[in-house]
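Descriptive analysis of the structure
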Amino acid sequence: MAIQDSYHFRSLSPLGSPSRTLAVASGWTYGCCSLDAPAQSFGPFAKLVETWQSRRLDGSTLPARRAFEMEDFRDWLGQIFIAKIEQPPFDLRYTLWGTTLVDWWGIDYTGRFLGNQSENPDSWNVERRYFETMSRAPFIGLAGGLLTQHNRDHVKVLGLDLPLGDGSRMDRVLSAHLRINFDDDVGTIVPNCPITPFEGE
C-alpha cells in the first residue's frame, strides 16, 4: 500500500463496475489515482494528465491555475470546468463551465455551487466529501455516471479531476469530461489505470 499524505492507495485491479464498496451518489462512482500514476494509463485523458504532471515544478507540488494557457486545453474546449474551493463550510464554486457541459447538463454552472441546480442538492454529499478529501490529500480523480439529477438520463459522462493549487495546498480543481456510451464505465475507458475506489468515508 502506498501512502500519499493521508490518502491510502491500495494495489487493486483497475476499477470497473461499482461493486467494490465504491461510493455511489446518484448513480455516480468515484475513484482515486496517485498524482504520479503513469499518464498513458489514463487512456483518452493521457495527454491532459501528462501536461498537468509536467507543470508540477518539483514533482511534489500542485500546479497553479496560472501555469496553464488555453492552448493546453485545445482538445478539451467546451468539456472542462474549473472550480474554486470555498470554505468554511467546504464547497466548490464553478468559475468556468464549458459550453459542451452546458449542453450535456442542460444548465450553466458558472458562478454556482456544487449540485445546487440539481433535482436534489442534498444528494451531493458524497461528491463533496470526494473533493474535500482531494483537498486534504491530493489525488487524480475519476468520476462518472448518468446526469439523472439534472433530468438528463440519456447522457452518461466520465470526468477526470485534477487538483490545482499553490504549492501543496489545493485551491481549485480542473475537470475534463467525456460523453460515454451507456455500457461503458471507468473500467472500459481507462482499463489500465491503477485506481483506488473512493469509499466516501
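About the cut-offs
- Numbering of residues starts from 1 in every chain and runs along the sequence as written.
- Per-residue local features of the predicted model are confined to residues with pLDDT of at least 70, and side-chain atom pairs are confined, for both listing and counting, to 80 or more; whole-chain, interface and lining totals are unaffected and use all residues.
- Hydrogens are left out, water is left out, and the side-chain values use all remaining heavy atoms of the structure.
- Helix and strand labels come from DSSP, where a helix needs a run of H or I of at least four residues and a strand needs a run of E of at least two; each type is numbered from the N terminus.
- Note on classification: 1.4 Å probe, protein chains only; a residue is buried when its accessible area is under 20% of the maximum for its type, exposed when over 50%, partly exposed between these limits.
- What sets the accessible areas is the Shrake-Rupley method with a 1.4 Å probe; for residues, cover comes only from the shown protein chains.
- Each salt bridge in this description consists of a side-chain nitrogen of Lys or Arg and a carboxyl oxygen of Asp or Glu lying within 4 Å of one another.
- In a helix, the anticipated span is given by 1.5 Å times the number of residues less one.
- Polar contacts, as used here, are pairs of N or O atoms within 3.5 Å; protein pairs need one atom able to donate a hydrogen and one able to accept it. Residues neighboring in sequence count only if both atoms are side-chain atoms.
- In what follows, residue pairs with any heavy atoms lying within 4.5 Å of each other are defined as contacts.
- Strands pair, by our definition, only if DSSP identifies at least two bridges between them.
- Per residue, pLDDT captures the predictor's confidence, and it can take any value from 0 to 100.

**Here we look at the overall build of the protein**
Looking only at helices and strands, one finds four helices and 10 strands in the protein. In the protein, the succession of α and β elements from N to C terminus is β-β-β-β-α-β-β-α-α-β-β-β-α-β. Relative to its 201 residues, the protein shows a buried fraction of 52%. In the form shown here, the protein has an accessible surface area of approximately 9400 Å², with 48% of it arising from carbon and sulfur atoms.

**Regarding unusual backbone geometry**
Residues Gln87 and Pro88 are joined by a peptide bond in cis, for which omega reads -10°. Residue placement: Pro88 occurs in the loop between strand E5 (80-86) and strand E6 (91-97).

**Brief notes about the pattern of salt bridges**
Scanning the model with the defined rule gives seven salt bridges in all. Residues Lys47 and Asp75 are paired through a salt bridge, measuring 3.6 Å at the closest nitrogen-oxygen approach. Taken as a pair, Lys47 in helix H1 (residues 46-54) and Asp75 in the loop between H1 and E5 lie far apart in primary sequence, 28 residues in all. Classification of Lys47 as exposed rests on a relative accessible area of 52%. For Asp72, the salt bridge goes to Arg55, with nearest N and O atoms at 3.0 Å. Here Arg55 lies in the loop between H1 and E5 and Asp72 lies in the loop between H1 and E5, a separation of 17 residues in the sequence.

**A closer look at helix H3 (residues 125-136)**
For H3, which comprises 12 residues, the first-to-last C-alpha distance of 16 Å matches the rise-based estimate of 16 Å (1.5 Å per residue) to within 8%. Here H3 has its buried residues at Val126, Glu127, Arg128, Tyr130, Phe131, Thr133, Met134 and Ser135.

**A closer look at the side chain of Ser175**
Inspection of the secondary structure puts Ser175 in strand E9 (residues 169-180). Classification of Ser175 by relative accessible area gives buried; the value is 0%. Here the side chain of Ser175 touches Leu160 through a polar contact of 3.3 Å, landing on its backbone oxygen.

**Details of the side chain of Arg128**
Looking at the secondary structure, you find Arg128 in helix H3. For Arg128, the residues in contact, after removing those within four places along its chain, are Phe90, Asp91 and Leu114.

**Here's the deal with the pairing of strand E4 (residues 28-33)**
Of all the six residues making up E4, six are buried; the element is thus mostly covered by neighbouring parts of the structure. Note: E4 against strand E7 (residues 140-147), five bridges, orientation antiparallel. Bridge pairing in E7 links Cys33 to Ile140. Pairing of E4 with strand E10 (residues 196-197) involves two bridges; the strand directions are antiparallel. Across the sheet, the residue bridging to Cys32 is Thr196, located in E10.

**Some details on the confidence of the model for the protein**
Averaged over every residue, the pLDDT of the protein is 84; residues scoring 70 or more account for 83%. Within the model, pLDDT remains below 50 along residues 1-24, and this stretch shows 72 contacts once partners closer than five positions in the same chain are excluded.

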